[in-house]
Amino acid sequence: MSDGIQDKFKPAWSLQNWEAFDDVLYSALSHEHERQATGLELIASENYVSKRVLEACGSLFTNKYAEGYPGKRYYGGCTYYDQVEQYAIDLAKRLFDAQWANVQPHSGANANLAAYFALLEPGDTLMAMSLSHGGHLTHGSPVNLSGKWFKSVPYGLDVNHRIDFDQVRDRAKTHRPKLIVCGATCYPRTIDFEAFSSIAQEVDAVLMADIAHIAGLVAGKAHPSPLPHCDVVTTTTHKTLRGARGGLIMGCREDVGVKIRKAVFPGTQGGPLMHQVLGKAVCFKEALEPSFETYASQIIKNAKALAEGLMDRGFKVITDGTDNHLIWVSLLDRTTLDGREAESRLEEAGITVNKNTIPDDPRSAMITSGFRLGTAACTTRGMGESEMGAIADWIAQALSSESAEQLNRIRCEVKILCASFPIY
Ligand SMILES: *Cc1c(COP(=O)(O)O)cnc(C)c1O
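Novice: So what exactly am I meant to see when it comes to the sheet that holds strand β8 (residues 206–210) here?
Specialist: Paired through backbone hydrogen bonds, the strands of a sheet run either parallel or antiparallel to each other. Strand order in the open sheet made by the 7 strands is β4-β10-β9-β8-β7-β5-β6, with mixed pairing throughout. Of all strands in the sheet, those with a lone pairing partner are β4 (100–102) and β6 (151–155), marking the two edges. Adjacent strand axes in the sheet meet at a mean angle of 20 degrees, parallel and antiparallel pairs treated alike. Bridge count for β8 against strand β9 (residues 232–236) is 3 bridges, and the pairing is parallel. Bridging from a neighbouring strand, Asp210 pairs with Thr234 of β9. Packing of helix α11 (residues 254–268) onto the sheet brings it into contact with β4, β9 and β10 (247–251), and relative to β4 it is tilted by some 10 degrees.

Spelled out as structure tokens, the structure:
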């Protein structure tokens with residue numbers, strides 16, 4: 001690699017102090033920097049935050065306890081924490097057109113836990129998308145608290161791999177769930193929140209949307225909002241929304257807001273991570289800028305282009321395309337290639353994806369017959385539809401050959417492309 005290209009990958013800040021401090025930590029940090037700078041990030045749940053979000057998360061806001069809520073803290077010295085948290089709440093409400101927002105959940109899983117704690121009793125029935133059809137672990141999986149403490153009724157996809165609303169309605173009528181969750185971790189199509197809402201009303205269930213994956217698309221007006229149709233909305237703030245790693249809960253019903261407030265603190269959490277709350281405030285402010293809508297719509301244009309590119313090269317894309325940031329590839333037609341092998345081969349080629357089960361996958365979750373791609377991170381880097389063609393080419397080449405030489409050559413080409421789209 002020429003020095004000219006190497007120069008483009010200089011860290012955004014100096015790591016010199018780390019080198020003198022500790023070999024293990026310095027090595028991990030500098031290698032991770034290089035991995036992010038020189039590789040293609042296609043994991044659907046990942047992104048690159050702005051330098052300002054990074055600064056917020058690494059700021060001295062990490063030094064303080066602020067248990068409680070703005071104006072009602074259990075510790076002194078919270079003046080500026082009150083200001084920041086209230087501001088984050090106001091920005092979140094504005095961004096999503098919500099009546100209330102809680103910015104304290106440490107993560108998406110914590111946001112869901114707090115919502116269940118607020119709205120359900122142990123043993124109540126919770127209905128959500130099954131893990132094997134694209135739901136999240138926290139949507140009633142038997143290994144998760146949500147599946148152990150509640151009676152979990154899963155729904156799934158129809159033969160065309162779209163949400164099976166007939167099944168949702170049938171099962172809702174049979175099992176009368178107290179809470180229905182809509183939203184997924186692997187679903188490439190628009191979610192019809194209105195359809196869920198009418199079913200929830202028919203069976204008198206509370207409706208929760210978990211928009212962890214698509215929050216950035218909703219904020220950027222590239223996906224319909226669940227807010228007018230759902231009683232409560234949970235999300236992560238670090239996937240397509242591109243903010244500090246964390247969770248957020250919001251809604252329009254005041255009575256639900258009061259329950260959520262108590263369920264987050266003191267119900268399920270202690271002191272909030274105020275440096276992360278500061279980072280969320282930065283993210284919400286960034287997402288309110290008009291350029292965020294351009295980013296959100298470009299994510300989808302890129303995903304459509306990448307899906308087309310892969311289908312043109314013979315890949316089976318589940319639902320034959322995408323409406324959002326996510327592309328779900330099935331390898332069922334490739335007898336010699338499974339998801340695990342695809343993931344590791346692409347990693348050798350400098351392309352990060354994750355193996356993913358496909359609906360009714362004959363292989364185990366550790367092996368899988370598919371993989372999942374997302375275009376949020378590469379869109380943040382500034383890549384567009386023309387880069388998606390090159391990426392589809394590399395994926396096809398890497399998965400058609402095991403030759404180390406070929407994978408190395410792709411890795412070099414990936415690095416050259418990445419040099420033109422610096423992260424920081
Ligand atoms: C990622 C995700 C979560 C969990 O978020 P964490 O921050 O990893 O806890 C919850 N729900 C859905 C739908 C997700 O995709």
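Let us keep going from here.
Novice: What exactly am I supposed to notice about the nonpolar core here?
Specialist: Proteins that are soluble and globular tend to have nonpolar side chains buried together. One finds Phe96, Ile180, Ile211 and Leu241 to be the most contacted residues of the largest nonpolar core, which totals 71 residues. Those residues within four positions of Leu241 in sequence are excluded, and the remaining contacts are Leu95, Phe96, Ala215, Gly216, Ala219, Thr236, Cys283, Phe284, Ala287 and Phe292. Of all hydrophobic cores here, the second largest spans 35 residues; its members include Leu373, Ala392, Leu399 and Ile410.

Novice: Any chance you could explain the pairing of strand β7 (residues 179–182) here in plain terms?
Specialist: The two faces of a sheet get side chains in turn, since along a regular strand they alternate between them. The alternating pattern of β7 places Leu179 and Val181 and Ile180 and Cys182 on opposite faces, both of which are buried. Pairing geometry for strand β5 (residues 125–129) and β7, over 2 bridges, is parallel. Bridge pairing in β7 places Leu126 opposite Leu179. Here β7 runs beside β8; their pairing, made up of 4 bridges, is parallel. Residue Ile180 lies in a different strand from β8, and its bridge partner there is Leu207. On the question of chirality, the crossover connecting β7 to the parallel β8 by way of helix α9 (residues 193–202) is right-handed.

Novice: What exactly am I supposed to notice about the pattern of salt bridges here?
Specialist: Working definition: two side chains of opposite charge can pair if their charged atoms are close together. Under the criterion given, the structure shown has 14 salt bridges. Put simply, Arg35 and Glu41 hold a salt bridge, and the shortest N to O gap is 3.9 Å. The exposure class of Arg35 is partly exposed, given its relative accessible area of 36%. Lys221 serves as the salt-bridge partner of Glu293, at 3.6 Å between the closest nitrogen and oxygen. With Glu293 in helix α13 (residues 290–312) and Lys221 in the loop between α10 (215–219) and β9, the pair connects residues that are 72 residues apart, well separated along the chain. The exposure class of Lys221 is exposed, given its relative accessible area of 64%. Where salt bridges share partners, they join Glu32, Arg35 and Glu41 into one cluster.

Novice: What should I look at first to understand the side chain of Arg242 in this one?
Specialist: When you line up the elements, Arg242 lands in the loop between β9 and β10. Buried within the structure, Arg242 lacks any salt-bridge partner; Glu286 is the closest side chain of opposite charge, at an N-O distance of 5.3 Å. In this view, Arg242 contacts Asn47, Tyr48, Val49, Thr237, Cys283, Phe292, Tyr295 and Thr380; residues no more than four positions away in its chain are not counted.

Novice: Even after reading the chapter, I still don't get α13, so can you show me in this structure?
Specialist: The end-to-end C-alpha distance of α13 is 34 Å, a good match for the 33 Å that 23 residues give at a rise of 1.5 Å each. Phi turns positive one or two residues past the end of α13, at Gly314, with a value near 95 degrees.

Novice: Can you help me understand the site of the ligand in this one?
Specialist: In the neighbourhood of the ligand, 13 residues make up the surrounding shell, with Gly108, Ala109, Thr185, Asp210 and Lys239 lying closest. Between Ser107 and the ligand, the recorded distance is 3.4 Å, taken from a side-chain N or O atom to an oxygen atom. Here an oxygen atom of the ligand sits 2.9 Å away from a polar atom, N or O, in the main chain of Gly108. When isolated, the ligand has an accessible area of 390 Å², and the protein chains bury 84% of it. It is helix α6 (residues 108–119) that contributes the most residues to the shell around the ligand, 3 residues altogether. Residue composition of the shell around the ligand, by class: 3 nonpolar, 8 polar and 2 charged.

Novice: I would appreciate a short explanation of a nonpolar patch on the surface in the present structure.
Specialist: Residues Trp18, Phe21, Val24, Leu25 and Leu29 make up a contiguous nonpolar surface patch of roughly 500 Å² in combined accessible area. Listing elements by their share of the nonpolar patch, those giving two or more residues are α2 (16–21) and α3 (23–38). With 3 residues, the top contributor of residues to the nonpolar patch is α3. Its location among the elements puts Val24 in helix α3.

Definitions and cut-offs
- Residues numbered from 1 in each chain as written.
- Predicted model: local features only at pLDDT ≥ 70, side-chain atom pairs only at ≥ 80, totals over all residues.
- Heavy atoms only, no water.
- Pairing = 2+ DSSP bridges.
- Helix = DSSP H or I, 4+ residues; strand = E, 2+ residues; numbered from the N terminus.
- Axes fitted to C-alpha atoms, helices over the stretch in contact; angles between N-to-C directions.
- Contact = heavy atoms within 4.5 Å.
- Core = buried A, V, L, I, M, F, W, Y, C linked by side-chain atoms within 4.5 Å.
- Buried < 20%, exposed > 50% of the residue type's maximum accessible area, 1.4 Å probe, protein only.
- Right-handed = clockwise from strand over helix to strand, strands pointing away.
- Salt bridge = Lys/Arg side-chain N within 4 Å of Asp/Glu carboxyl O.
- Lys, Arg positive; Asp, Glu negative; His and termini not counted.
- Expected span 1.5 Å × (residues − 1).
- Near = heavy atom within 4 Å.
- Polar contact = N/O pair within 3.5 Å; in protein donor to acceptor, adjacent residues only side chain to side chain.
- Areas by Shrake-Rupley, 256 points an atom, 1.4 Å probe, with all protein chains shown as cover.
- Nonpolar A, V, L, I, M, F, W, Y, C, P; charged D, E, K, R; others polar.
- Patch = residues over 30% accessible without salt bridge, like charges linked within 9 Å, V, L, I, M, F, W, Y side chains within 5 Å.

Interpretation in functional terms is not warranted from these geometric data alone.
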